[in-house]
Each structure stands twice: as structure tokens, then as C-alpha cells.
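# Commentary on secondary and tertiary structure
Residue strings, one per chain:
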Amino acid sequence: MGGTASKLPKDLLSEYQELTFLTKQEILLAHKRFSELQGRENGPYSSRVSMEKVLTLPELKSNPFRKRICHVFSTSDLRDGSLTFEDFLDLLSAFSDSATLEIKSHYAFRIFDFDDDGTLDARDLEKLVNCLTGETDDTRLTVEEMRQLISNILEESDIDKDGTVNLSEFQHVISRSPDFVSSFKIVL
Amino acid sequence: MMDAPDAVFWDRPAPVGHLLLDQLPSYQSLLYRRKSSVRRRGSGWGSGRSRQLSVSSGKWAEQTHSGEELRPVRELPKNMQDKRREKQQRLQQGGALTGWGLWRLNVHRSLKRLKEDGVDLLSALQLWRTDIHLIEGMFGTGILSYFSFLRFLVLLNFIMFLLMFVFVMLPVILTSHTSHNITYSSTNVSECSVYPASSRQGLVAFHEHITDLLSGTGFLERTYLFYGYYNLEFIHSHFTYNLPLAYLLATVSYLLLSLVWIVKRSASGFKRKLIQDEDRFQSFCNKIFAGWDFCITNENAARLKRSSLLYEMKTDLEEERIKRRMANRTRGERCRIYVLRAGLNLFVMAVLVTCFYCIYVATVFSQRKQVEGAKSAFLQELVVEYLPSIVITLANFITPLIFSLIITFEDYSPAFEIRFTLMRCVFMRLASIGVLLFSLWVQITFCGSSECPCGYNHEIYPCWETHVGQEMYKLVIFDFLIIAAVTVFVEFPRKIIVNHCDHGLVRWWGQQEFAVPQNVLEIVYGQTICWIGTFYCPLLPAINTVKYVLVFYLKKVSLVTNCRPATRPFRASSSHFFFLVVLLIGLALASVPVTVSIAEIQASRACGPFVSYSTSWQVVPRGITQLPPGLRSFLLALASEAFAVSFFVITCLGMFYVIALAGAHKRVIEQLRDQLAMEGRDKRFLIQKLYQAQQASFGRSADSKGLRRNRADTGLCLVEPSVVLETQA
């Protein structure tokens, strides 16, 4: 933990306000929390925080998709899920209240695409459902129920009937989903 | 259901990507990977899929991205560096702006920033923001919707109070402190205008003060609290202030304001409801893709959320199986079930009629005892005063239990069971208020065998509006006492018992669950009483505001310490829509008694502002006759039949047009869907044919050239033959 928190320069602050959906207060709060994660006050804005440290944030700690979130927003070349401050701001911006539905659904698609192949196929969906219900044996659905569930999902969302859900199909089904905007939200 | 070719796709693991498919423009436009990392990863990264972007792919990507230039930079799904680069590119492309263009851009930017700061400030001023955020983190958005609904009602009540205060109470208060010329309302029908003093005479015991405070009688009767105090007619200062007209118009406007505000709030939810599939209660995609509340921060809550999601999914899958089973019912079974349902519905009606009759009898008894005025013990007097409220509360406690028992025999799908039981409970709650008012009205207009000379029973009820106001006041107070008592005396001990006692029965009873629908019904019930009662008791919105603020804190404390999230969660979206629909039903129900009493029932001649009018509504025509002639003829034209009929016809035409348009759009959407599915099949068929043609030609050329594979520079890539597509027969 650092001593006095460093201030964000004003022009950088206004640039972040322009490039993200966050308000000034939210950016400053994010800066404070990120500096605490970094453990030092004057960290340069491109230094990275490892995924393990990011996952100690209370907002992410109990989230079943926390690792996927870090991977999606990370710009690291090593693909290790580490985040810079700007990645962190991108994360908060996509999850903020004022983000557009398109942005949210785009990032949601990327988070749910466990194998990063650009489509949600049956394996991705199965992993998704297991994340939601829990990883232990007694919290999973039976094989038969999983089949039924995945076939229902594909029936609802797969428009061109190719067995996978691509981005535009996903965005279409999300636009009809009334709960998405209120549940896809992280506020510090 | 999917047919044979599609079954291939998900019976096995996902097909390895066809290189040809990757080159399609539609795939390229969806590509989101960063170009730099793709180049590095270009030659195989071990997952068994090799994607080789042909040279043309970059061109496709740029073409499809050109449409994004019109969007603001922050809406692009790229990371921060790419967004910066995009912004720089746009600035460069925009060219050097002249002084005027630059100034306009700066002004635009600073205005936007100002607006954002303003919205920031407003949201910081939002009532209870931190409390609600805490609840959201612990329990998710389902329970959050209850608390934000409660906050909405607090604001609504406060605005209603301001309305009544400014237009009705403030003039009266001002006249008592300043000296204006006042015309008191008077009438020449002498026998009806006798209003005996109702305050207690002589030595008043302390407990009688408490009774008066709790039932609005005695010293509270002739105060600002009730209708009877406002017996001014005109206040003359620089202009003439017509108090009865203001009273009436304030009443109408608070009803209209509530209607407009609720409809505005529910409009977005309603639009979504219409777009959703009608036959599914909750679509599976909504549950899976939007199932996790990302705002949950508590580990415990996350665990509970997981188990509730599992339970929900299992239940929905079960429900689908039940639906399929129900669709396969034989005719005999169906007849039996319909007969059973008809019988049970009759039983439900019988239960409802019994409850209504009990309420009627209790009201009549309570009224008679009050009129007799015999002195009795403190508690007995209170019970007699509150008898209708007690009966209503008991009925509303027992009937949901009966309903949830009956519905299990009616063999509906689980989702429909919940909705139907809820509808029955809503009906029971709101209709009991209607029955109470009806029985009051019967009492007030009953004068023995003869016709009432004053239009109401002036001997027993010289000021009947105040009396009705007192009944509403008692209902509000009692409702609050019950909520507080249940929270303090049932929920807290339940938690203590469950935590310390390990008996089997106690464990079955279990910890308290926060049942959102029942709690919502409680506050809608309170709000309906407030809407009815404000006409008779102008301070009721203020009392209601205070009541709801206290209920918020009570419920929050109880929730945080005693409850665990429900095993069957109430979804945030449909719940919000459900709350507002129930609130609208309450508003519709509340406006009926108010309208009837304003327009039909003789206003009491002994008290209140409408003494010199026959019904309260009479003040409006009389007010119109005093307007300037142009305005008067305009208003009369608005109220004429010609205008009403033509307005009705035009509204009907507009409605039919919109309905036809919606139907046409639906049909177009269906056709487009079918077309998309067919195009997908065409695509796969063509690719299959192409693959076969390639196979044949490579087979021939390999014989001649000795090569088996061809590289990307020809523009054709070999399709990996690990999956064979079955074409449509």
C-alpha cells in the first residue's frame, strides 16, 4: 500500500473520460484502487498487475468468469491475463452503467467464448453452464439435462442453424434479453 | 428441432474450421482479434487449428470497418491504445479545422462534459444510493428491484404531498396568519349543516388520547389532517382563490401524475415484454447469458446464487418436460382436469366471497359500535375501531396459503402456477379495500326505511368525508404496525431459534427468505389506500412517505441480518414490469371510489369546502361559467359529444393502424429468419460441392504433379477432411 495516492494528470483524465464510459469520479476511484493493487504510488501507467493480484479485488473475487474477464481485457503479449491501468479502465468502462448494449454484448461474447475461436459452440456453452452452476460434481446438471439445455439455447439463438452462436446471433439474442443490462454491471 | 445435417454439428465435438469458411467476408467482418497478435500467431499455435489469412482478408476487414467511423470512439470494442490510435486517425482525416470549426468542436465537447457532470451530480443525490448498492452486492438484482421500487414510491408520495400542500393547505395556513378577505362556505339547508363537536369533553384519560391518535378521532378530527377542516370557499387578495376548485383539481392531478409517471417507468419494460417470445415464461438464453449478476461481491451470496441458478435451470428443464407431457394428454384426462379446475375455481370464489362478507360484517359492526359511543375499556375500544383492518389483514394472511395449496391440484406448469397464485393474491388484497369502502358507503347512505333528506345519513355522519378519511388513516397506521410487528416479533426470533436450536421441525421451517412478491403486494396495498384516502385526508401522502422510509430501513436491516436469498429467485426484469402492472391495477382501483364519490355522492353540508355544491364535481361547471367567454366556449366544445365521438374514432383508427403495422413487421421477421436459415444451408451445400470438386481435381493433379497440397497463394485452401458434411437430400 502506498502512502499518498498520486494524482492523475488532468489531460490524461479528460482523455480517459472521452475514451471510456466512466465519469471523472469513477476514473479517480479506479486509479486509487489500482494503485493499491500495484502496491506503490507512482507506478507508470503502463505497468502491469498480475492476474492473481487483480483477482483479489472483491468485485472479481467471487465471479465465476474472473479469469476469462482478465484474459479478455488483457493486452499483454504473454497472454497471462495481467492488466495495465488502461486495461482496467477498459474493463470498468465495458461493465459500467452507461456502456452501450453493443459494447456489453461484444465483451460478453468474448468472455463466454472459452476457446477464443469466434463462435460459441456446444463445448463453450457447456463450460458456461458449468461455470454458472458450480464446478463440483453435485452441482452440475446431468448429461441428459445438459443436452436438453444446450439444444434449447441453440434453438433460440442459432438463426442460421450451423450449431454455433456467432457474434451477431449473440447480439441479437442479447438485445431481446431484458436482464442482461442490469446484470452485466460492475461498479466499484 | 434441428434436422439431420445440423445434428452432425453438435453430436460430435465442434468441426474444425474450414479454411474456406474463414475467408468469407461475413467471417472477416466478425473477426475481432488484434491484427498484430494474429500475425504473430499466424502459423499454428498448437490448438490444432491453422488459420491462414489470405492476403485479401485485410481488405475485407477495412471495408467493413468503414461504417464505424460515424460512432463515437468510446463505443468501439477495442482496447485503449487502439481507441487512441483511432481518435488520432479521425483527427488527421478530419483535417485542419479552421478557427470556427475548432471553436464549435470545443464548445460541443465542453457542453457534453458539463452534461455528464450534471448527470453525475444528480445520481450522487439519489436517495439511498449506498444502501441499495450494498443490497445489490449481497443479494443480486432481484431483491434490489423491490428496494428501488420502494424508493420510487417514496418519491411519488412526497410529490403528491407537495401538490396537496401547495394548492390546498398552504392557502389555508396563510389565511390563518394573515388577514385576507375570506368567504366561508355556507349553505341554506339548515338541518344538514349541524356539525356537533366531536372532541371529548371533561376529564380525558390518557389512553383515550392514544385511541384518538391512532384512529384520528377526538382532538385530531378538526385539524389539517382531515377534509372537514377546509371549509373556506374563496380567498380574496390580489385575485380570488377558489379553494374547492383547487382541492378538486389537486386530487385529479395527483391521480394523473401517478398514472403518467408509472406508465413512463414501465414503458421500457413493456416494450421488451412485447418483443420477447410470448409462449416462454423466461427464455433459456436470458437465463444463461444474463444469468450471473456481475455485481455480487459477497462469497456467500455467490455460492447461493450458483445454487439458485442450478435450481432454476433444473426447474425450467423439468417444466419443459411437463409441458411436453401435458401436450400429450388424452381427451379423457383433459376433461377430468378441466372439471377439476372449474370446481376448484368455484371453491376459490367461495373463499373470496366469505372473506368479503366477513369484512362487510366487521365494518358494519365497527361502525355501529362507534356510533353508539358507549365507553369501554381501552383495548376493547381500539379493537372495535380497528376491526375492519384486523379482518382484512387476517384474510390477506390466510388466503395466500389456501391459494398456494389449491393450485397444486390444478396441474398447471410451475411457472404458470406462480403467476396465477400471485394474480389471485393481488385481486384479494385490492378487492378487500373495495369491499370496505362499499360497506362504508352503504352505512353512510342508509337512513332507515325512508330516503335520506340530505343524500346521506346526516345524524350519524354529519361529516362523512372526514369519517372515510379516518378509516383510511386507520388502515395506513395498522398496515405499518403489522409490518413492523412481523419484522420485529417474527423474523428476528425466527433467526435466533434457527441458529441455536437444532430440532428437525425448526430446520424444516428454515431461515427466512425474502419473498419479493408478497412484500411488493404489501406496499402496493398501502399505496392504493393512500391514493383513495388523500382526497379525504390531505396529509396522508406525508404519513405514507414517512411510513415507507421507515419500512425501507426495517426491511433492509431485517434482510441483512435475517434472510437468505430465495431458492426460486424472482427475475429482475419481469419483476419490475410485474410491480408496475400491479401498481397500475391499484391505481385503477383507487380512482374508482374517488371518482364515484366526487361525481355521484352528495358532499356533506356540515363541513369541508364543497358545502354549497350538490356534488363535489359541481364546482367545475360553476367555475367554467365564470371564465371569459372565449375560453368557456372552447372548454364546452371539448366536453361536447361531437368532439368526444370524433376523438374516439380517430384513436381507434390510430390503434388499428399500429396493430396492423406490428403484425406486418412480425411476418417480415419470420420470413427473414427462414431466409437466413436457408442461406446458411445453401452456403454449406456449396462448400461441400467445392470440397468435392477440389478433391477430384487434386486427385487428378496429384497424379500428374506428385503434390498433394496446394498453398494459400492460389486463393484456395485445402479443407481439412476431418468432418464430412452431409448435404440435404
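Residues numbered from 1 in each chain as written. Chains lettered and ligands numbered in written order. Predicted model: local features only at pLDDT ≥ 70, side-chain atom pairs only at ≥ 80, totals over all residues. Heavy atoms only, no water.

Which entries qualify depends on this criterion: UniProt positions are given in the numbering used here, feature names are shortened, and annotations may be inferred rather than shown by experiment.
Per an unreviewed UniProt entry, chain B goes by Transmembrane channel-like protein and derives from Phoxinus phoxinus. Word for word, the UniProt comment on chain B under Subcellular location (unreviewed entry) is "Membrane". As its UniProt record puts it under Sequence similarities (unreviewed entry), chain B is described as follows: "Belongs to the TMC family."

Where an unreviewed UniProt entry is consulted, chain A appears under the name EF-hand domain-containing protein, with the organism given as Phoxinus phoxinus.

## Concerning the state of the cysteines
The condition that has to hold: Any two cysteine sulfur atoms lying within 2.5 Å of each other are counted as a disulfide. Strands here are runs of E lasting at least two residues and helices are runs of H or I lasting at least four, both read from the DSSP assignment and numbered beginning at the N terminus. Only protein chains enter the accessibility calculation, which uses a 1.4 Å probe; a residue whose area is less than 20% of its type maximum is buried, one above 50% is exposed, and one in between is partly exposed.
Tallying each qualifying case throughout the model produces one disulfide over all chains. Disulfide pairing places Cys463(B) opposite Cys607(B) at an S-S distance of 1.7 Å. Its S-S torsion of approximately 95° makes the covalent link between Cys463(B) and Cys607(B) right-handed. Taken together, the residues span a long stretch of sequence, with Cys463(B) in the loop between α17 (414-444) and α18 (464-500) and Cys607(B) in the loop between α22 (572-599) and α23 (619-625) at a distance of 144 residues. No difference in accessibility class separates Cys463(B) from Cys607(B), as the two residues are buried. The structure places no disulfide on Cys70(A), whose sulfur is separated from the nearest cysteine sulfur, that of Cys131(A), by 13 Å. Here Cys537(B) is not disulfide-linked; the sulfur of Cys530(B) is the nearest cysteine sulfur, at 8.8 Å. The class for Cys537(B) is buried, based on a relative accessible area of 0%.

## Some details on the nonpolar core
Just so we agree on the cut-off: Within this scheme, the nonpolar core is defined by two criteria: the residues are buried Ala, Val, Leu, Ile, Met, Phe, Trp, Tyr or Cys, and they are joined through side-chain atoms within 4.5 Å. Contacts between residues were defined by any pair of non-hydrogen atoms, one from each residue, lying within 4.5 Å.
Tyr146(B), Phe147(B), Phe149(B), Trp531(B), Leu583(B) and Phe610(B) are the most contacted members of the largest nonpolar core, which totals 114 residues. Excluding anything up to four places from it in sequence, Trp531(B) contacts Leu156(B), Met160(B), Tyr254(B), Leu255(B), Ser258(B), Ile262(B), Leu583(B), Gly586(B), Leu587(B), Ala590(B) and Val594(B). Leu37(A), Ala94(A), Ile288(B) and Met313(B) belong to the second-largest nonpolar core, a separate cluster that totals 75 residues.

## Some thoughts on the packing of aromatic side chains
When we look at a pair of aromatic rings, we describe it by the centre distance and by the angle of the planes. Residue and element names in this part refer to chain B. Keep this limit in mind: Within 6.5 Å between ring centres, the rings of Phe, Tyr and Trp (the latter by its six-membered ring) count as paired, and their orientation is classed by plane angle as stacked under 30 degrees, edge-to-face over 60, tilted in between.
Going through the model one piece at a time under the given rule, you end up with 42 aromatic pairs over all chains. Relative to Phe535, the ring of Tyr247 has its centre 5.5 Å away and its plane inclined at 80°; by these criteria the two rings are edge-to-face. Taken as a pair, Tyr247 in helix α11 (residues 243-275) and Phe535 in the loop between α20 (516-533) and α21 (540-562) lie far apart in primary sequence, 288 residues in all. Taken individually, Tyr247 and Phe535 each receive the classification buried, so the pair is uniform in this respect. Arranged with centres 5.9 Å apart and planes meeting at 10°, the rings of Phe643 and Phe647 form a pair that is stacked. With Phe643 and Phe647 both in helix α25 (residues 641-705), this residue pair falls four residues apart, about one helical turn. On the accessibility criterion, Phe643 (37% relative accessible area) is partly exposed. Among the residues examined, Phe647 registers a relative accessible area of 52% and is labelled exposed.

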